[in-house]
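A closer look at the structure
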Amino acid sequence: MAKNSAVDMLIKNIYFQMFAAVLRKTIILFWAIWEARNALVFSDLDSNPIEVLQTATRFQNDFSRLTPRRLTVNAPSRDSEAAANATWSPPPVSEIKINFDGAYRKDDKMGVGACVARDHDGRPIHSCAKSFDNVSSPALIEALALREAILLARRLRIRNPFFEGDAKSIIDFMSGKGNVGSDCEVILIDCKVLCEQSNFTHFTFIYRHCNWVAHDVAKKALRDPLFCNNSLAQVV
């Protein structure tokens, strides 16, 4: 039975890698089409389909050359299987869960902290996205995103919501289980003070792919500053 289970896991992993390769090629092709569309709309530069395919092929070849090749196929570990199978879960009835995430742009040290509050049916009830200048690290913008989530809960007078994020070190620090770097420690100490004042005690780690709603809001707001002021668009 154990031998069959290992074989099944190996086969699943092979199929997963094949699917990932096809998905990567599809995404690269869509990216090339999107780039051609932008060139036409904003620069009045028309590209024929052959040029678009050639651009996608070059990008795929560059990506393959720079990505280390795996020489062996290993059966996935239990941790990796748990991560792959994880999904976002709503809070208990009559409770609110607030997911937070940050988006960081290293070139100009800009960042956006975003959060989305949802009820037990998974329906968004409010959101927030705030931009920050002179952000020194991705960890700092994650801490700032958590503070925005806490401030949102206080403004909405939510009783002990569930805060959820994919920055494990920050979740551990807020739960009293670990330390963080000096770049975000002051912000998180402030978060702890705010939580003590409001009796907020629920902090949970979630995998990145399960935190995609808050992540997408943050990424969109980083690209479009006006999006930060449009809470209706953030939850649509």
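What counts, and at which threshold
Residues numbered from 1 in each chain as written. Predicted model: local features only at pLDDT ≥ 70, side-chain atom pairs only at ≥ 80, totals over all residues. Heavy atoms only, no water. Helix = DSSP H or I, 4+ residues; strand = E, 2+ residues; numbered from the N terminus. Buried < 20%, exposed > 50% of the residue type's maximum accessible area, 1.4 Å probe, protein only. Contact = heavy atoms within 4.5 Å. Areas by Shrake-Rupley, 256 points an atom, 1.4 Å probe, with all protein chains shown as cover. Pairing = 2+ DSSP bridges. Salt bridge = Lys/Arg side-chain N within 4 Å of Asp/Glu carboxyl O. Axes fitted to C-alpha atoms, helices over the stretch in contact; angles between N-to-C directions. Polar contact = N/O pair within 3.5 Å; in protein donor to acceptor, adjacent residues only side chain to side chain. Expected span 1.5 Å × (residues − 1). pLDDT = per-residue confidence, 0-100. Core = buried A, V, L, I, M, F, W, Y, C linked by side-chain atoms within 4.5 Å.

1. Regarding the overall build of the protein
Tallying secondary structure elements over the protein gives 8 helices and 5 strands in all. Its helices and strands in sequence order give the protein the pattern α-α-α-β-β-β-α-β-α-α-β-α-α, from N to C terminus. Relative to its 236 residues, the protein shows a buried fraction of 35%. Long-range pairs, those at least 24 residues apart, make up 68% of the contacts in the protein between residues at least 6 apart in sequence. Summed over its atoms, the accessible surface of the protein is roughly 15000 Å², and 57% of this surface lies on carbon and sulfur atoms.

2. Structural notes on the pairing of strand S4 (residues 162–165)
As paired elements, strand S1 (residues 97–105) and S4 share 4 bridges and run parallel to each other. Bridge assignment links Lys 97 to a residue of S4, and that residue is Phe 162. Relative to strand S5 (residues 202–205), S4 is paired through 4 bridges, and the arrangement is parallel. Considered in S5, the bridge of Glu 164 is made with Thr 204.

3. Describing the pattern of salt bridges
Here the structure, examined in full by the defined rule, presents 8 salt bridges. For Lys 97, the salt bridge identified is with Glu 164, shortest N-O distance 3.1 Å. Of this pair, Lys 97 sits in strand S1 while Glu 164 sits in strand S4; the two residues are 67 residues apart in sequence, bridging distant segments of the chain. Here Arg 123 and Asp 121 are joined by a salt bridge, their closest N and O atoms 3.2 Å apart. Among the charged side chains, a network of salt bridges with common partners joins Asp 101, Asp 166 and Arg 208.

4. Describing the sheet that holds S4
Sheets are built from strands that pair by backbone hydrogen bonding, the pairs being arranged parallel or antiparallel. Strand order in the open sheet made by the 5 strands is S3-S2-S1-S4-S5, with mixed pairing throughout. Two strands bound the open sheet, and with one partner strand each, they are strand S3 (124–132) and S5. Here the average twist between neighbouring strands, direction ignored, is 20 degrees.

5. What to know about the side chain of Glu 164
The exposure class assigned to Glu 164 is buried, which follows from its relative accessible area of 5%. Side-chain polar atoms of Glu 164 contact the side chain of Asn 99, separated by 3.0 Å. Every residue in contact with Glu 164, bar those within four places of it in the chain, is listed here: Trp 88, Lys 97, Ile 98, Asn 99, Phe 100, Thr 204, Ile 206 and Asn 211.

6. A few points about helix H7 (residues 212–223)
Taking 1.5 Å of rise per residue, 12 residues should cover 16 Å, and H7 covers 16 Å from first to last C-alpha, within 8% of that figure. Listing the buried residues of H7 in full gives Val 213, Ala 214, His 215, Val 217, Ala 218, Ala 221 and Leu 222.

7. Comments concerning the confidence of the model for the protein
Looking at the protein, pLDDT values average 83 and 78% of them are 70 or higher. When pLDDT is averaged over each element of the protein, S4 comes out on top at 97 and helix H8 (residues 231–235) at the bottom at 50.

8. Section: the nonpolar core
In terms of nonpolar packing, the biggest core is built from 34 residues, with Ile 98, Leu 146, Ile 150, Phe 163, Met 174 and Leu 188 touching the most fellow members. Sort the elements by how many residues they give to this core and helix H4 (residues 138–155) lands first, with 10 residues. When residues no more than four places from it in sequence are discounted, the contact partners of Ile 150 are Phe 163, Cys 191, Leu 194, Cys 195 and Phe 200. Within the second largest apolar cluster, 13 residues are counted, among which are Met 110, Val 112, Val 116 and Cys 228.

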